Structure formats: C-alpha cells, structure tokens
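Working through the structure, step by step
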Amino acid sequence: MSEDTKTAGPAMDAYWMPFTANRQFKKSPRLLTRADGMYFVDDKGRQVLDGIAGLWCVNAGHNRPRIVSAIQQQAAELDFAPPFQMGHPKAFELAERLAALTPAGLNKVFFTNSGSESVDTALKMAIAYHRVRGEGARTRLIGRERGYHGVNFGGISVGGMVANRKMFGTMLGGVDHIRHTHDPVRNSYSVGQPAHGAEFADDLERLVALHDASTIAAVIVEPVAGSTGVLIPPQGYLQRLREICDKHGILLIFDEVITGFGRTGHPFAAQTFGVTPDLMTVAKGLTNGCVPMGAVFAKQQIHDTFMNGPEHLIEFFHGYTYSAHPLACAAALGTLDTYAEEGLLTRAGEMQAYFAECLHSLKGEPHVIDVRNIGLVGGVELSPLPGEPAKRAFSIFLDCWEQGLLIRTTGDTIALSPPLIIERSHIDRIIDTLRAALRRAA
Ligand code: PLP
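Bear in mind the structure is a predicted one, so any value in this text is a computation, not a measurement. (Residues numbered from 1 in each chain as written. Predicted model: local features only at pLDDT ≥ 70, side-chain atom pairs only at ≥ 80, totals over all residues.)

**Focus: the overall build of the protein chain**
A count of helical and extended segments in the protein chain gives 16 helices and 15 strands. Compactness check: the protein chain gives a C-alpha radius of gyration of 22 Å against a globular reference of 22 Å for 442 residues, within 12% of the reference. Scored against the burial criterion, the 442 residues of the protein chain give a buried share of 48%. Once local pairs closer than 6 in sequence are excluded, the contacts in the protein chain between residues at least 24 apart make up 73%. (Helix = DSSP H or I, 4+ residues; strand = E, 2+ residues; numbered from the N terminus. Rg over C-alpha atoms; globule rule 2.2 N^0.38 Å. Buried ≥ 20, exposed ≤ 12 C-beta atoms within 10 Å, placed from the backbone. Contact = placed C-beta atoms within 7 Å.)

Listed below in structure tokens is the structure:
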C-alpha cells in the first residue's frame, strides 16, 4: 500500500458491510471515530448530532462514565465465565434488577447477545413450552406483515418485510402472518396512537379459523414497528390481540428490541400500552449499545413448566457461549444505574409533547405524506420518486449527514429515535435540518 493510500483512510475492500449499500458507501465513506453525549465525531473532526441513538440503542447517549468504567473494571477482573453449568455473580444481579423493571409477572430472564438471538430464543421457548405441557402440536408461529424481528431464520420467518425474506429460500415454513396496522386513509398525521384500527387484531381469528388454535404456539409483534417505518399501534389494538391470544391459549410475544428501555416513556412499551405479553425480547438499550447483549423475559409460569424431571438434567436445551457475558453484564448494570440516576426510562414521556409538536410541524413540507410519533420515536413518510422507491429518502439521509445530523431511513420513511438525554435545542436542530433537506430534495 502506498503512503498516499494509507493517509487517505483505511483500505475498504475486505469489509462486506451489513445492511449497507456497499458500493455507494465505499465511494463516499461516512466514518465515525468518536462519540460523546448527543454527538458523534467523524474522521474529519466534524460533530454529527445523533438523531437515532446510534441504531435505536444508545439511549443514555454516548460515552457515559459509569458504563465505560464498569466495562473497563470488568475486563480486568473476570474476562469470561462459562455460562453452561456455571455462573458469575453479575449475571444474577442483572437478572434481578431487570425483573424489577419489567411488567408484573415477567420475572425470569434468559440472556442472549442480540435482538435476533432474543427473537429466536423466544420462538423456541414458546414451542418447547407447549410441548413440555403436552400440546406438542402447537408449533405454528404467527408474525405480522411489515414486522421486523432480526435476521436469523426464525426472525425472518415471522418477519414481514419482503426484502429481508425473499432471498433466503425455503426454511420459512410453519408460519403465517396477520395483517399490518398501517391505515393512512383513516390515520394519517395521528399524534400518538392512531384512533382507528383496533379491529386489525381480529385478523388473528382468521388464522385460527384456518389453522386451528391447537396448531399455533405464539404470535409475535413489535408493540411499535420500527424498521418498517414507524407504525404506532392503534388504540385498543394490542389489548384486542391479548384477548384473542388468551381465548385460544396462544402465547403473545412482544419484540421490544427497540421499544425497551425507555423509548416510549416507560421502561417498556408493554407498560406504556398497558398490555403484558407472555414473553418479551430486548437487546440494544439493555447495555446502551456498548457491548452486544439481548434478553428474553418470560412469565414465571412458563419458566416453571420447564422445571420438571430429574434435577440433574438440563431443562431447556438452548443457550449461547456468550449468554450473560461478564463484560455485557457489567455494561448493563452500568447502564441501568445511569438510567436510574438520570430518570431516563420515563424521560421520553416528558419530552414527547415538544418532540411531537416539532415533528408534526413538518406536515406540508415538500414530499411529506405522513408524520407518526410516540414517546421519542418519530416517522416522517415521503412520497417516493416515481419508479425509484427509497431514493428520495436516501438522498435526504445523505444531505442531513452533510449538515451534521444522523437520521435513518427505511424505504421512503425517515425514522428518528434520539438518545433519551435529548434537550429541546437538539430537537429544534434535528427538525430544522430535516426541513431544509426536504426543501432541497428533488
Ligand atoms: N427485533 C426488532 C424489533 C428490531 O428492531 C431489531 C433490530 O433493529 C431486531 C429484532 C434485531 O436485533 P439485532 O440487530 O440486535 O439482532
């Protein structure tokens, strides 16, 4: 490699980047080198306001002292402990602390390393639970159109975003999907939960009629669908889903990978919406994005159903080498301390009125066809460029980056999910930058 190439930045050939337009990126790289509070710093020394908490995960903002020192200390004290047939104290301490935050009843915690692994763990738990209690025919899993549940085979099977499924063949059987809840004709520009659409939950009855409840293990939904473009559940929808699941003995799984840890104004969206699932998946904000970690929360009774047979035998044949990794546990404990000290798990509730007011002021700007919000989540849907879906939103993403703001786009929807430490001045800047970019966009 010549000296010239070295000073121009890292070689970029070898790294096949995830969920990235690789060729576009490598022609015009966007490299982050540092981060603090609400800001990233790029390789040119520019400050970039973080409008998406990294990737819906850095809920307490970047470079938080308690988390940093917890990780540093842990690395020097206990770098690894095997999680099978062994334990370490912080894993138990973390599980107890988490169980105190979850909705009543969800008091058993199983650790994973990502949202995708949490989803696959919850799906396996649901099927195995029915089998252990003598209903082994309940193996079918129900997802929802436009759902996102990570990228492992279980997650893409129940997921409902076609681009994440269409390339990956025939292992997606044994699942079905209820319809999505997006209803722009009745609900566009809703502030908070849309008024119309509780009846979309009745679509589950259609699938029960088709497959019979005795074949269905679980239904999985995101309480707020994020990756598909921010879809807020209609008023009464999740309650109705809960009722239908109860009626038919179907487990309800909430995928709270993005909504968990304060995003909607309570620790979990289950609390915001007043509906308790049987299993709940989390990741991201669990460690403030600092060390990979996920978890599944299970109802006591689901856990207890497995606790049968001879005591020397393993009850649930599942787990990861890095389940409850010491570094992740330390990071999570530092994260929970930070959330508690700064009241961050309820801060989205305090900020949401101002955030909503600013976000909805984008109504009427060029290309905007809908605005949606809940807590500190915002979606701004644009009309696509004719024949070129996703291109207009992507050009706005690039424009904002040039102006020092990181946003996220999916299809033609712009998603915002800033760190929960956000102040009004940051909200103003996000909206001003976005407004200017919309006005410049083709
Ligand atoms: N579930 C939901 C709802 C998500 O939004 C995501 C990621 O964005 C995942 C699962 C997958 O998480 P991970 O990328 O950590 O595997």
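**As for the sheet that holds strand E12 (residues 377-382)**
The 4 strands are arranged E11-E12-E15-E14 in an open sheet whose pairing can be described as antiparallel. Every interior strand has two partners, whereas the edge strands, strand E11 (368-374) and strand E14 (408-410), have only one. Sheet twist, expressed as the mean angle between neighbouring strand axes with direction ignored, is 20°. Of the pairings in the sheet, the one linking E12 to strand E15 (residues 413-416) comprises 4 bridges and is antiparallel in character. By the bridge assignment, Glu381 is partnered in E15 with Thr413. Lying over the sheet, helix H14 (residues 347-360) contacts E11 and E12, oriented at roughly 175° with respect to E11. (Pairing = 2+ DSSP bridges. Axes fitted to C-alpha atoms, helices over the stretch in contact; angles between N-to-C directions.)

**Focus on the sheet that holds strand E7 (residues 216-221)**
One open sheet accounts for 7 strands, arranged E4-E10-E9-E8-E7-E5-E6; its pairing is mixed. Edge positions in the sheet fall to strand E4 (108-112) and strand E6 (175-178), since each has one partner strand and no second. In this sheet, neighbouring strand axes are inclined to one another by 20° on average, regardless of whether the strands run parallel or antiparallel. Here strand E5 (residues 140-144) runs beside E7; their pairing, made up of 3 bridges, is parallel. Across the sheet, Arg140 pairs through a bridge with Ile216, a residue of E7. Across the sheet, helix H10 (residues 237-248) lies against E7 and strand E8 (251-255), angled at about 145° from E8, the strand it touches most.

**Overview of unusual backbone geometry**
One non-glycine residue, Lys284, adopts positive backbone phi at about 35°. Structurally, Lys284 can be placed in the loop between strand E9 (279-282) and strand E10 (294-298). In this structure, Asn288 is a non-glycine residue whose phi angle is positive, near 55°. Examined against the element boundaries, Asn288 turns out to sit in the loop between E9 and E10. Classification of Asn288 as buried rests on a count of 28 C-beta atoms within 10 Å.

**So, the environment of Gly54**
Checked against the element boundaries, Gly54 lands in helix H3 (residues 53-56). Taking the number of C-beta atoms within 10 Å as the measure of exposure, Gly54 has 22 and is therefore buried. Placed 283 residues apart in sequence, Gly54 and Asp337 show a C-alpha to C-alpha distance of 20 Å.

**Regarding the site of the ligand**
Among the 14 residues in the neighbourhood of the ligand, the closest are listed as Ser114, Gly115, Ser116, Gly150 and Val257. A per-element tally of the shell around the ligand places helix H6 (residues 115-132) first, with 3 residues. Tallied by class, the residues present in the shell around the ligand amount to 5 nonpolar, 7 polar and 2 charged. (Near = placed C-beta within 6 Å. Nonpolar A, V, L, I, M, F, W, Y, C, P; charged D, E, K, R; others polar.)

**A few points about the nonpolar core**
In terms of nonpolar packing, the biggest core is built from 114 residues, with Ala126, Ala218, Val219, Leu241, Ile253 and Leu279 touching the most fellow members. At 9 residues, helix H13 (residues 326-342) tops the list of elements feeding residues into this core. Both of domain 1 (3-59 + 345-440) and domain 2 (68-342) provide at least three residues apiece to this core. For Val219, the residues in contact, after removing those within four places along its chain, are Ile142, Leu204, Leu241, Cys245, Ile250, Leu252 and Ile253. (Core = buried A, V, L, I, M, F, W, Y, C linked by C-beta atoms within 7 Å. Domains from an automatic or database assignment.)

**Some remarks on the environment of Phe92**
Take Phe92: it is sitting in helix H5 (residues 89-99). For Phe92, a count of 13 C-beta atoms within 10 Å puts it in the partly exposed group. In sequence terms Phe92 and Cys329 are 237 residues apart; their C-alpha atoms lie 9.2 Å from each other.

**Here we look at the domain arrangement of the protein chain**
As far as domains go, the protein chain holds domain 1 (3-59 + 345-440) and domain 2 (68-342). Taking only C-alpha atoms into account, the centre of domain 1 sits 26 Å from that of domain 2. Contacts between domain 1 and domain 2 engage 31 residues on the former and 27 residues on the latter. Looking at the side of domain 1 that touches domain 2, the elements with two or more residues in it are H3, H14, E11, E12 and E15. No other element matches H14, which puts 6 residues into the side of domain 1 that touches domain 2. When its residues are assigned to classes, the side of domain 1 that touches domain 2 shows 12 nonpolar, 14 polar and 5 charged.

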